[in-house]
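# Results of the structural survey
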Amino acid sequence: MLEPVEAIEGLNVKEAINEIESLTEKHNQWRKKECINLIASENVTSPAVDKIYVSDLGHRYAEGKPFGRHYQGLQFVDQIEDLTQKLAKQLFCAKHVDLRPLSGTTANLSALGALTNYGDTIISSSIPNGGHVSHTRHGVSGLIGIKDFSFPFNIDEMNIDVDATKKKIEEKQPKVLLFGASLFLFPHPIKEIADFAKPYGTHIIYDAAHVLGLIAGNQFQDPLREGADIITTSTHKTFPGPQSGMIFGNSDDFEKIETVVFPQVICNHHLHKLPAMAVALEEMTTHGEKYAKQIITNAKTLAQSMHELGFNVVAENKGFTESHQVVVDVSQFGGGKPVAELLESMNVILNKNFIPGDTVNSDTMRNPRGIRIGTQEMTRMGMNEEEMKMIAELMKKALIDKKDIKGEVIDFKKEFLEVKYC
Ligand SMILES: Cc1ncc(COP(=O)(O)O)c(C=O)c1O
């Protein structure tokens, strides 16, 4: 017999639901209509993606691969998943695609789980140098018992140090090199390293979570043609799909990864995302090049404008950025935490971040010296170079001139409420 649940004081179920409905509406109004959204890992889906996202597919189960399932009732689902895979294969020029991972992290878990054994070694980017937690002992690597070593990093180049990495490969003989990052300004040197690493039996995985939309638009790098065997990714950052994950590549090991995705990492793969992903793939097939170009132009313009207005924008010697991201050292304003919080109070949403080379301790984790800005969402809402200059001006007013910009931000955003490139 279950014990009766103790009543939580003050909780009325009906009132709670009303409150949740109201909070959801407030959130939608605030973040969609009144904020300048600059979190580098987010994006918005188009009305066509939204429309097809909620369907009966979201009630069903489909363990396994199309046309080889463990459940009945999937005659149309099989065709939808098969066609969506074909759209992804065509867009990314890949022989194999697995749309089942539910997120970038489960994609990494599946690929690393398939290609390594307990006790193996991998090399990936450290967290302060831009790596994602899932690449490290604090995330997936720790969970499956593989040892992670960091790519040596050249701060002047703001990139992986090729020669030092080759030495490390000789020394560690890693099972996997895991390229890609969360703070990701410049394409990683896969070409320069992959051929050197492969004789050691090293698999090359590239985590494209942040830059998938730029790759789809052919504007960043082409990892599969540069030597990567496998791409793991989220599908909702620069790529404007539903929140999910994906794995693709041309490797003969792909089937091994598929057999880890199911049944070892997930069973049902939330089928309603599939038609939504198909629509996002079509949008990026049609508009991806133009969209990705504008994202990068906007990032470069924002970086240059902030630099001219007195901000300490990282990587000036390299032209600041070749991606959707701009990284700014905000030590002079008290660090990333107070800056991100102050801007949030005025409806500019971005996040605090380490800057490559930083040491990690409890103080720097709480308040790193940087902020990371992404231009992909505001580009999708139709903003171009002029608007980037205005955002830089707004940042100056808020942080250097110490003015309240909230009203100006709300007015400014009113003109950018419609999703473009779809
Ligand atoms: C490089 C990288 N990989 C993986 C992830 C994890 O993605 P998800 O949130 O889809 O699990 C992130 C998240 O931001 C990321 O930056």
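Residues numbered from 1 in each chain as written. Predicted model: local features only at pLDDT ≥ 70, side-chain atom pairs only at ≥ 80, totals over all residues. Heavy atoms only, no water.

## With respect to the overall build of the protein chain
Of regular secondary structure, the protein chain possesses 16 helices and 17 strands. The globule rule puts the C-alpha radius of gyration for 422 residues at 22 Å, and the 22 Å found for the protein chain is close to it. Counting only C-alpha atoms, the protein chain reaches 60 × 60 × 50 Å along its principal axes. Accessible surface, the protein chain as shown: approximately 19,200 Å² in total, 51% of it carbon and sulfur. Computed over 45 positive and 56 negative side-chain charges, the inter-centroid distance for the protein chain is 1 Å. (Helix = DSSP H or I, 4+ residues; strand = E, 2+ residues; numbered from the N terminus. Rg over C-alpha atoms; globule rule 2.2 N^0.38 Å. Areas by Shrake-Rupley, 256 points an atom, 1.4 Å probe, with all protein chains shown as cover. Lys, Arg positive; Asp, Glu negative; His and termini not counted. Charge placed at Lys NZ, Arg CZ, Asp CG, Glu CD.)

## Let's talk about the site of the ligand
Taken together, Ser103, Gly104, Thr105, His132, Ala181, Ser182, Asp207, Ala209, His210, Ser234, His236 and Lys237 form the complete shell of residues around the ligand. Surface burial for the ligand is 85%, taken as the share of its 390 Å² of free accessible area covered by protein chains. Broken down by class, the residue content of the shell around the ligand amounts to 2 nonpolar, 8 polar and 2 charged. (Near = heavy atom within 4 Å. Nonpolar A, V, L, I, M, F, W, Y, C, P; charged D, E, K, R; others polar.)

## Focus on helix 12 (residues 336-345)
Among the residues of helix 12, Gly336, Val339, Ala340 and Leu343 are the ones counted as buried. Projected down its long axis, helix 12 carries its buried residues within an arc of 95°, all on one side. Tucked inside the fold, the buried residues of helix 12 contact strand 15 (348-349), strand 16 (351-353), strand 17 (370-374) and helix 15 (385-399). At the exit of helix 12 stands Asn347, carrying a positive phi of roughly 75°. (Buried < 20%, exposed > 50% of the residue type's maximum accessible area, 1.4 Å probe, protein only. Arc of directions from axis to C-beta. Contact = heavy atoms within 4.5 Å.)

## Topic: the sheet that holds strand 14 (residues 325-329)
In space, the 4 strands of this open sheet follow the order 13-14-17-16, with antiparallel pairing throughout. Looking at strand neighbours, the two that pair on one side only are strand 13 (312-313) and strand 16, the edges of this open sheet. Here 3 bridges tie strand 16 to strand 17, and the two strands are oriented antiparallel to one another. The residue of strand 17 that forms the bridge with Asn351 is Arg372. On the sheet, helix 12 packs against strand 16 and strand 17 and is oriented at approximately 170° with respect to strand 16. (Pairing = 2+ DSSP bridges. Axes fitted to C-alpha atoms, helices over the stretch in contact; angles between N-to-C directions.)

## Quick notes on the domain arrangement of the protein chain
Domain boundaries in the protein chain define domain 1 (50-281) and domain 2 (287-413). Measuring from the centre of the C-alpha atoms in domain 1 to the corresponding centre in domain 2 gives 27 Å. Tallying the contact residues gives 24 residues for domain 1 and 29 residues for domain 2. Taken together, both faces of the contact between domain 1 and domain 2 bury some 2,100 Å²; the carbon and sulfur share is 68%. Applying the counting criterion to the domain 1 and domain 2 interface returns 1 salt bridge. (Domains from an automatic or database assignment. Buried area = accessible area lost by both parts, 1.4 Å probe. Salt bridge = Lys/Arg side-chain N within 4 Å of Asp/Glu carboxyl O.)

## A closer look at the pairing of strand 12 (residues 245-249)
Most of strand 12 is tucked away, with 5 of its 5 residues classed as buried. Residue alternation in strand 12 divides its side chains into two sets, Gly245, Ile247 and Gly249 and Met246 and Phe248, and both sets are buried. Alignment of strand 11 (residues 230-234) against strand 12, held across 5 bridges, turns out to be antiparallel. The residue of strand 12 that forms the bridge with Thr232 is Ile247.

## Structural notes on the environment of Ile144
Checked against the element boundaries, Ile144 lands in helix 5 (residues 140-144). For Ile144, the contacting residues outside a window of four places in its chain are Leu109, Leu112, Gly113, Thr116 and Tyr118.

## Quick notes on the pattern of salt bridges
Overall, the coordinates contain 24 salt bridges when judged by the stated rule. Taking the shortest distance from any N to any O, the salt bridge between Lys86 and Asp82 comes out at 3.1 Å. Separated by 4 residues within a single helix, Lys86 and Asp82 lie in helix 3 (residues 75-92), roughly one turn from each other.

## Remarks on the environment of Asn37
Here Asn37 lies in strand 1 (residues 36-37). The spacing of Asn37 and Ile349 is 312 residues in sequence and 5.0 Å in space, taken between C-alpha atoms. Not counting residues within four places of it along the chain, the set of residues in contact with Asn37 comprises Arg31, Ile349, Gly374, Glu377, Met378 and Lys413. Separated by 3.1 Å, the side chains of Asn37 and Glu377 make a polar contact. (Polar contact = N/O pair within 3.5 Å; in protein donor to acceptor, adjacent residues only side chain to side chain.)

## Examining the packing of helix 6 (residues 162-172) against helix 7 (residues 190-197)
The interhelical angle for the contact between helix 6 and helix 7, taken along N-to-C directions, is 20°, at an axis separation of 10 Å. By the angle class used here, helix 6 and helix 7 are roughly parallel. The interaxial crossing formed by helix 6 with helix 7 has right-handed handedness. Residues Val162, Thr165, Lys166, Ile169 and Glu170 of helix 6 form the contact with helix 7, whose own contacting residues are Glu192, Ile193, Phe196 and Ala197. (Parallel < 35°, antiparallel > 145°, perpendicular 65-115°, else oblique. Left-handed = near helix turned anticlockwise from the far one by under 90°.)

## Section: the sheet that holds strand 9 (residues 176-179)
Taken in spatial order, the 7 strands make up an open sheet running 4-12-11-10-9-5-6, and their pairing is mixed. Edge positions in the sheet fall to strand 4 (96-98) and strand 6 (147-150), since each has one partner strand and no second. Averaged over all pairs of adjacent strands, the angle between strand axes in this sheet comes to 20°, irrespective of strand direction. Contacting strand 4 and strand 12, helix 3 crosses the sheet at an angle of about 125° to strand 4. Packed on one face of the sheet, helix 4 (residues 104-115) meets strand 5 (121-124), strand 9, strand 10 (203-207), strand 11 and strand 12 and runs near 155° to strand 11.

## Considering the packing of helix 15 against helix 16 (residues 406-413)
One way to put it is that helix 15 packs onto helix 16 with a least axis distance of 11 Å and a crossing angle of 165°. When the axes of helix 15 and helix 16 are compared, the pair comes out roughly antiparallel. Between helix 15 and helix 16 lies a crossing of left-handed hand. Facing Glu387, Met390, Ile391, Leu394 and Lys397 of helix 15, the residues of helix 16 in contact are Glu408, Val409 and Phe412. Along the lines of polarity and charge, the residues of the contact of helix 15 with helix 16 split into 5 nonpolar, no polar and 3 charged.

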